[in-house]
Amino acid sequence: VMTFAFLPADHVNPASGLNIGFIGVGLGALLGPWIVAAIERWRGYRQGLLYISIALLIPAALIALRERSLFAHGMSPDLGFEVALADPYLAILAAVILAYFAVENFLEMWPEKYLQELGYRERGLRAGMTLFWLVFIGARAAAAWWLIEHPHHATALALLLVVVSSMVLGNLVSGYEF
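Here we summarise the structure given alongside this text. Note that the structure is predicted; figures quoted are calculated from it, not measured. (Residues numbered from 1 in each chain as written. Predicted model: local features only at pLDDT ≥ 70, side-chain atom pairs only at ≥ 80, totals over all residues. Heavy atoms only, no water.)

1. Focus: the layout of surface pockets
A probe matching the size of a water molecule, rolled over the atoms, marks out where space remains unfilled. Here is the rule we go by: Throughout, the protein atoms alone are placed on a 1 Å grid, and a set of points is a cavity if a 1.4 Å probe fits but cannot get out or a pocket if it is open with protein on both sides within 12 Å along at least five of seven lines; lining residues have an atom within 4 Å of a point. Grid points are joined across faces, edges and corners, and a volume is the space filled by probe spheres set on the points. Secondary structure follows DSSP: runs of H or I at least 4 residues long count as helices, runs of E at least 2 residues long count as strands, and numbering of each begins at the N terminus. Gly counts as polar in this scheme, as do all residues outside two lists: the nonpolar Ala, Val, Leu, Ile, Met, Phe, Trp, Tyr, Cys and Pro, and the charged Asp, Glu, Lys and Arg.
Estimates place the volume of the second largest pocket at around 290 Å³. Lining of the second largest pocket is provided by 11 residues; of these, A29, L30, P33, M129 and W133 occupy positions nearest its centre. Looking at the lining of the second largest pocket, the elements that each hand over two or more residues are α2 (14–43) and α7 (122–149). Broken down by element, the lining of the second largest pocket gets its largest block of residues, five residues, from α7. Broken down by class, the residue content of the lining of the second largest pocket amounts to seven nonpolar, one polar and three charged.

2. Digging into the nonpolar core
Rule in force here: Put simply, a nonpolar core is a bunch of buried Ala, Val, Leu, Ile, Met, Phe, Trp, Tyr and Cys residues held in one set by side-chain atoms that sit within 4.5 Å of each other. Residue exposure (1.4 Å probe, protein chains only): buried if accessible area is under 20% of the type maximum, exposed if over 50%, otherwise partly exposed. Contact between two residues is taken to exist if any of their heavy atoms lie within 4.5 Å; hydrogens are not considered.
Grouped together as the largest cluster of nonpolar side chains are eight residues: I23, L30, L115, L125, M129, W133, F136 and I137. At the level of secondary structure, the elements contributing two or more residues to this core comprise α2 and α7. Not counting the four nearest positions on each side in its chain, L115 is found in contact with Y120, L125, G128 and M129.

3. Digging into the environment of I52
With respect to the helices and strands, the residue I52 is situated in helix α3 (residues 45–64). Setting aside residues up to four positions removed in sequence, I52 forms contacts with V36 and I39.

4. As for the packing of aromatic side chains
The criterion, for reference: Pairing of aromatic rings covers Phe, Tyr and Trp, the last counted by its six-membered ring, and requires centre-to-centre distances within 6.5 Å; plane angles under 30 degrees mean stacked, over 60 mean edge-to-face, and any other angle means tilted.
What the rule picks out here adds up to four aromatic pairs. Pairing W133 with F136 gives two aromatic rings, centres 5.0 Å apart and planes at 75 degrees, and the pair type is edge-to-face. Of this pair, W133 and F136 both sit in helix α7, three residues apart, which is roughly one turn of that helix. Overall, F136 belongs to the buried group, its relative accessible area being 11%. Aromatic ring contacts, followed pair by pair, group F132, W133 and F136 into a single cluster.

5. Topic: the packing of α2 against α3
Here is the rule we go by: Angular values range over 0 to 180 degrees, each being the angle between N-to-C directions of two axes fitted as lines to C-alpha atoms, with helices fitted over their stretch in contact. Reported orientations rely on four angle classes, namely roughly parallel under 35 degrees, roughly antiparallel over 145, roughly perpendicular from 65 to 115, and oblique for the rest. Here is the rule for handedness: rotate from the far helix to the near one, and if that takes an anticlockwise turn smaller than a right angle the crossing is left-handed, while a clockwise turn gives right-handed.
Contact geometry for α2 and α3: axes closest at 7 Å, N-to-C directions at 125 degrees. In terms of axis orientation, α2 runs oblique to α3. Both α2 and α3 take part in a crossing whose hand is right-handed. Of the residues in α3, those in contact with V36, I39, E40, W42 and R43 of α2 are Y45, Q47, G48, Y51 and I52. Residue composition of the contact of α2 with α3, by class: six nonpolar, two polar and two charged.

6. Considering the packing of helix α6 (residues 110–117) against α7
Where α6 contacts α7, the axes come no closer than 10 Å and their chain directions differ by 140 degrees. Between α6 and α7, the angle falls in the class oblique. Regarding α6 and α7, the two cross each other, and that crossing is right-handed. Between α6 and α7, the residues in contact are P111, E112, L115 and Q116 and L125, G128, M129 and F132, respectively. Of the residues that constitute the contact of α6 with α7, the class distribution is five nonpolar, two polar and one charged.

7. Focus on a nonpolar patch on the surface
Condition: Patches here: salt-bridge-free residues with over 30% relative accessible area, like charges joined within 9 Å, nonpolar side chains (Val, Leu, Ile, Met, Phe, Trp, Tyr) joined within 5 Å. In short, Shrake-Rupley with a 1.4 Å probe defines the accessible areas, and a residue's cover is counted only from the protein chains shown. A carboxyl oxygen of Asp or Glu within 4 Å of a side-chain nitrogen of Lys or Arg is what we treat as a salt bridge.
Together, Y89, L90, I92, L93, V96, I97, Y100 and F101 line one region of the surface with nonpolar side chains, adding up to about 740 Å² of accessible area. Position of I92 among the secondary structure elements: in helix α5 (residues 88–106). Overall, the relative accessible area of 52% leaves I92 in the exposed class.

8. Description of α6
This is how the line gets drawn: What the arc describes is the spread of directions from the helix axis to the C-beta atoms.
Those residues of α6 not exposed but buried are W110, P111, Y114 and L115. Along the axis of α6, the buried positions cluster into a sector of 125 degrees, meaning they face one direction only. A positive backbone phi angle near 105 degrees is found at G119, which sits one or two residues after α6.

Honestly, that's just the spatial picture; any functional story needs more than this.
So, in structure tokens, the structure goes:
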């Protein structure tokens, strides 16, 4: 849905859409705590949660109210699960997603603990976390832009990012004393 919302029809591809979606994840991780704290101070805990939940339902409602013809161009409306489940790429995609989302969800707790173990406190910890999420968002935006401009480079870009991320994580782990 993100690719249809933000890109012209001739530049739509799933890989760039995934990266654009994760820009939203990064923005939520970066800005979410501040927004929640501000709403909680403004209206209280229960009312604040109510306003946040309504705000989160607005994009879903806007998507649900769009004409069906705007989505899934070229797909048959009677496409059943039998056809989708018989596609071998679906099994590969499921395996990649299961492995990748475990790593992605690890980002929720790991950076803060790692910075604390390195000795960062309060202000330095906030600055480090802000820098981490800004780099995360920038990397996702750069990957989305590259995949929009060069969609045939998706496999090479994925392999390059896996190698670079494993080098970075390897260096970070090597600094940790067990």
